[in-house]
Amino acid sequence: MKNACIFHGSGSSPEHFWFPYVKKELEKIGYSVWVPQLPDANNPNLETQLPFVLNWEYDNDTVLIGHSAGCPLILSLLENINTKIKMIILVGGFIDCDINVPKPILQDKYDWEKIKNNCEKFIFINSDNDPWGCDDKQGRKMFDNLGGELIIRHGEGHMGSESFNQPYKEFPLIVNLVKSFE
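In this text, all values refer to a predicted model and were calculated from it rather than measured experimentally. (Residues numbered from 1 in each chain as written. Predicted model: local features only at pLDDT ≥ 70, side-chain atom pairs only at ≥ 80, totals over all residues. Heavy atoms only, no water.)

Right, let's talk about the packing of aromatic side chains for a bit. For the structure on display, the rule yields eleven aromatic pairs. Ring plane angle 75° and centroid distance 5.5 Å describe the contact between Trp56 and Tyr58, whose orientation is recorded as edge-to-face. According to the relative accessible area criterion, Trp56 is partly exposed, its value standing at 22%. Look at Tyr58 and you get buried, because its relative accessible area is 9%. One aromatic cluster is present, built from ring pairs that chain together Phe7, Trp34, Phe52, Trp56 and Tyr58. (Phe/Tyr/Trp six-rings, centres within 6.5 Å; stacked < 30°, edge-to-face > 60°. Buried < 20%, exposed > 50% of the residue type's maximum accessible area, 1.4 Å probe, protein only.)

Following this line, the structure appears as structure tokens:
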């Protein structure tokens, strides 16, 4: 069965931004969609969030979608499963400690080969003016390590942020990317 997981970022929830829209649209095309409230969302860290997301069943029909701090969580998840999933879409993702985001969600280093071997398709969506620093340079770093597709949005900020008044209620690009890889 086709399934998808959407992992929100720091200080967020399943009801924020484009998450309900993407969930509803993916369900229309036959996906079972899990959008969990990640533990300790205001202070995301791998010690609590990784064991939580490892309790779900992942298979070769799984699509993982992450926003902000949900993106390094997905990379860590891919290091810790022994299943090759279908696709990941990382929106406003990052892998560096040089930006203004919670550090405990990051690993000191990533096993890029294991991550690469556990996913068929990688898509990174970053903006050139992300106010948190999760910008096109961060997208390029992930792309350089994993390949796939790097989509750089111009002037789109963090693509969902209460602090910067970016409501981003719909995100049809994500739905279209999933549809195009069916």
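The next point concerns the nonpolar core. In this structure, Phe7, Tyr58, Leu64, Leu75, Leu78 and Ile88 are the most contacted members of the largest nonpolar core, which totals 33 residues. Listing elements by their share of this core, those giving two or more residues are β1 (3-7), α2 (46-53), α3 (70-79), β4 (85-91), α4 (112-117), β5 (119-127) and α5 (136-146). The element best represented in this core is α3, accounting for six residues. Counting 26 residues, the second-largest nonpolar core is a separate cluster that includes Phe17, Val91, Met159 and Ile174. (Core = buried A, V, L, I, M, F, W, Y, C linked by side-chain atoms within 4.5 Å. Helix = DSSP H or I, 4+ residues; strand = E, 2+ residues; numbered from the N terminus.)

Mapped onto the elements of the fold, Pro20 is located in helix α1 (residues 19-28). Classification of Pro20 as partly exposed rests on a relative accessible area of 37%. Residues Pro20 and Gly92 lie 72 residues apart in sequence; the distance between their C-alpha atoms is 18 Å. Those residues within four positions of Pro20 in sequence are excluded, and the remaining contacts are Pro14 and Glu15. (Contact = heavy atoms within 4.5 Å.)

Turning our eyes to something else, we now look at the pattern of salt bridges. In this structure the tally under the stated criterion is eight salt bridges. In this structure, the salt-bridge partner of Glu25 is Lys28, at a minimum N-O distance of 3.1 Å. Of this pair, Glu25 and Lys28 both sit in helix α1, three residues apart, which is roughly one turn of that helix. For Lys28, a relative accessible area of 58% translates into the label exposed. With a shortest N-O distance of 3.7 Å, Glu149 and Lys121 are connected by a salt bridge. On the criterion of sequence distance, the pair formed by Glu149 in strand β6 (residues 149-153) and Lys121 in strand β5 is long-range, its members being 28 residues apart. (Salt bridge = Lys/Arg side-chain N within 4 Å of Asp/Glu carboxyl O.)

Judged from the five bridges that link them, β5 and β6 form a sheet pairing that is parallel. Looking at β6, one finds that Asn126 is bridged to Ile152. Each parallel crossover has a hand, and the one from β5 via α5 to β6 is right-handed. (Pairing = 2+ DSSP bridges. Right-handed = clockwise from strand over helix to strand, strands pointing away.)

Running from N to C, α2 and α3 point in directions that differ by 60°, and their axes come no closer than 10 Å. By the angle between their axes, α2 is oblique relative to α3. The handedness of the crossing between α2 and α3 comes out as right-handed. Contact with α2, carried on its side by Leu46, Gln49, Leu50 and Val53, involves Leu73, Ser76 and Leu77 of α3 and no other residues of that element. When its residues are assigned to classes, the contact of α2 with α3 shows five nonpolar, two polar and no charged. (Axes fitted to C-alpha atoms, helices over the stretch in contact; angles between N-to-C directions. Parallel < 35°, antiparallel > 145°, perpendicular 65-115°, else oblique. Left-handed = near helix turned anticlockwise from the far one by under 90°. Nonpolar A, V, L, I, M, F, W, Y, C, P; charged D, E, K, R; others polar.)

What follows is about the side chain of Gln107. Looking at the element boundaries, Gln107 is found in the loop between β4 and α4. A polar side-chain atom of Gln107 sits 2.9 Å from the main-chain carbonyl oxygen of Lys109. If we skip the residues at most four places from it in the chain, Gln107 touches Leu46, Ser76 and Glu79. (Polar contact = N/O pair within 3.5 Å; in protein donor to acceptor, adjacent residues only side chain to side chain.)

For the rest of this paragraph, the subject is α2. For α2, the set of buried residues is Leu46, Gln49, Leu50 and Val53. In an axial view of α2, the angular spread of the buried residues amounts to 95°, which keeps them on one side of the axis. Between the side-chain oxygen of the N-cap and the backbone nitrogen of Glu47 there are 3.1 Å, and the N-cap of α2 in question is Asn45. (Arc of directions from axis to C-beta.)

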